[in-house]
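Structural characterization, general
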Amino acid sequence: MRLTVLRARKRFGQNFLVDTGMIQKIIGSFDIKPGDHIIEIGPGRGALTQPLSDSRCELTLIEIDRDLAAELSVRFPDAGLINQDVMTIDFNTFAGKSLIRIIGNLPYNISTPLLFKLFDSGEHIHDMHFMLQREVVDRMTALPSTKAYGRLSVMTQLHCHTEKLFEVPPQAFSPRPKVQSAIIRLTPNKKATDVDRKLLESILIQAFSMRRKTIRNALRKFLTADELESLHLNPQLRPENLTIDDYLSCTRFVEDRS
Ligand code: SAM
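First, a word on what this report is: a plain description of the structure on this page. (Residues numbered from 1 in each chain as written. Predicted model: local features only at pLDDT ≥ 70, side-chain atom pairs only at ≥ 80, totals over all residues. Heavy atoms only, no water.)

What about the overall build of the protein chain?
Basically, it comes down to this: Helix and strand assignments come from DSSP, with helices taken as H or I runs of at least 4 residues and strands as E runs of at least 2, each series counted from the N terminus. Surface exposure here means Shrake-Rupley accessible area, sampled with a 1.4 Å probe, where a residue is shielded only by the protein chains that are shown. Working convention for charge: Lys and Arg count positive, Asp and Glu count negative, and His plus the chain ends are omitted. Charge positions are represented by NZ for Lys, CZ for Arg, CG for Asp and CD for Glu.
Along its length, the protein chain carries 10 helices and nine strands. A principal-axis box enclosing the C-alpha atoms of the protein chain has dimensions of 65 × 40 × 30 Å. Put simply, the protein chain shows about 12900 Å² of open surface, and 50% of that area lies on carbon and sulfur atoms. Taking the average location of the 35 positive side-chain charges in the protein chain and that of its 31 negative ones, the two points are 7 Å from each other.

Here's what the structure looks like:
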């Protein structure tokens, strides 16, 4: 069965879920328990919000669109509604008795900056379930020495255990997006790393902007060939061959040296 959608605002990345079978499948994968504190980002016309609300969890909704927020406040009076850009929200303010669970069929234009923002609040988060462009999910879950492995894979897996759950075809939405989507589960791994994050990010940007070069060349700005070898890294390797631990070792080395 398909729900009816009246209008959608392109600038807010509005592709609403309308396939009720798919909505049930997505909600089933959340494994909601009564009393969970769930934060839904971009609830839109409430396709996921309705079953979430039925499950008797504590619900907080973050929606940027004023008209949709007005509808949501009437339909879900018991939910906490924040009519704001999610990028302006400080997720640390949700720190409380229980860890939060975050859910969202995210607008694809803000997905990467939003993910990086949420990685910083991992200690308050139990898990996150997101619908994203399939290609982004594949990059987030990619293993070293594969084509999809890059900066997003390292930064995501540094902070979270990742699981690609299943794919969602364009027909499940209205209007239909041009891309395939997928659901990913992210569980913060709580092992706060001791490295300088900014430095790590600079090393990753440098490395993956030259992914066809050897690390001797790609990381020249940071490490000499001898220094790479002292870290047991063959300078002839390519950036995509290095594991997350390898990138952490490089970062610590540069940090300790300066
Ligand atoms: N959850 C609904 C569904 O599955 O049908 C809507 C998903 S739609 C892809 C994305 C939703 O995020 C829209 O409701 C849009 O208005 C909202 N949104 C877009 N940018 C946002 C932002 N920066 N902060 C909060 N919500 C945003």
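Section: the site of the ligand
Note the following rule: Consider each residue's heavy atoms; a residue with any of them within 4 Å of a molecule or strand counts as near. Two N or O atoms form a polar contact when they lie within 3.5 Å of each other; inside protein one atom must be a possible hydrogen donor and the other a possible acceptor, and for residues adjacent in sequence the pair counts only when both atoms belong to side chains. We place a 1 Å grid over just the protein atoms. Points where a 1.4 Å probe fits but has no way out form a cavity, open points with protein on both sides within 12 Å along at least 5 of 7 lines form a pocket, and any residue with an atom within 4 Å of a point lines it. Here the criterion for a molecule occupying a pocket or cavity is that more than half of its atoms lie within 2 Å of the pocket grid points. Side-chain classes follow a simple rule in which Ala, Val, Leu, Ile, Met, Phe, Trp, Tyr, Cys and Pro form the nonpolar group, Asp, Glu, Lys and Arg form the charged group, and the remainder, Gly included, forms the polar group.
Taken together, 22 residues form the shell around the ligand, and within it L17, G42, E63, D85 and N105 come nearest. For the ligand, a nitrogen atom lies 2.8 Å from a polar atom in the backbone of G42. In the model, a nitrogen atom of the ligand is placed 3.4 Å from a nitrogen or oxygen of the P43 main chain. Notes on the ligand: free accessible area 600 Å², of which the protein chains cover 97%. At a threshold of 2 Å from the grid points, most atoms of the ligand map onto the largest pocket. When its residues are assigned to classes, the shell around the ligand shows 11 nonpolar, seven polar and four charged.

Let's talk about empty space enclosed by the protein
The cut-off we apply is this: Grid points are joined across faces, edges and corners, and a volume is the space filled by probe spheres set on the points.
Overall, the coordinates contain one cavity of 30 Å³ or more when judged by the stated rule. Each pocket or cavity is described by its volume, and for the largest cavity that value is around 50 Å³. In terms of lining, the largest cavity is formed by L17, I26, F30, L48, I103, G104, N105, H129, F130, M131 and I183. Among the elements of the structure, α1 (20-30), β5 (100-105) and β6 (125-133) are those that each provide at least two residues to the lining of the largest cavity. Its residues placed into classes, the lining of the largest cavity shows eight nonpolar, three polar and no charged.

Some thoughts on helix α3 (residues 66-75)
Within an α-helix, residues lying three or four positions from one another point in the same direction, as the helix has 3.6 residues per turn. This is how the line gets drawn: Remark: exposure states derive from per-residue accessible area (1.4 Å probe, protein chains only) relative to the maximum for the residue type, with buried under 20%, exposed over 50%, and partly exposed in between. Summarising the geometry, the arc corresponds to the directions from the helix axis toward the C-beta atoms. Whether two residues touch is decided by their heavy atoms; if any such pair falls within 4.5 Å, the residues are in contact.
Every buried residue of α3 is listed here: L68, A69 and L72. Down the axis of α3, the sector holding all buried residues measures 100°, keeping them to one side. For α3, the exposed residues set more than 90 degrees away from the buried face come down to R66 and V74. For α3, the secondary structure elements touched by its buried residues are β1 (16-17), β3 (58-62) and β4 (80-82). Between a side-chain oxygen at the N-terminus of α3 and the backbone nitrogen of D67 the separation is 2.9 Å; the capping residue is D65.

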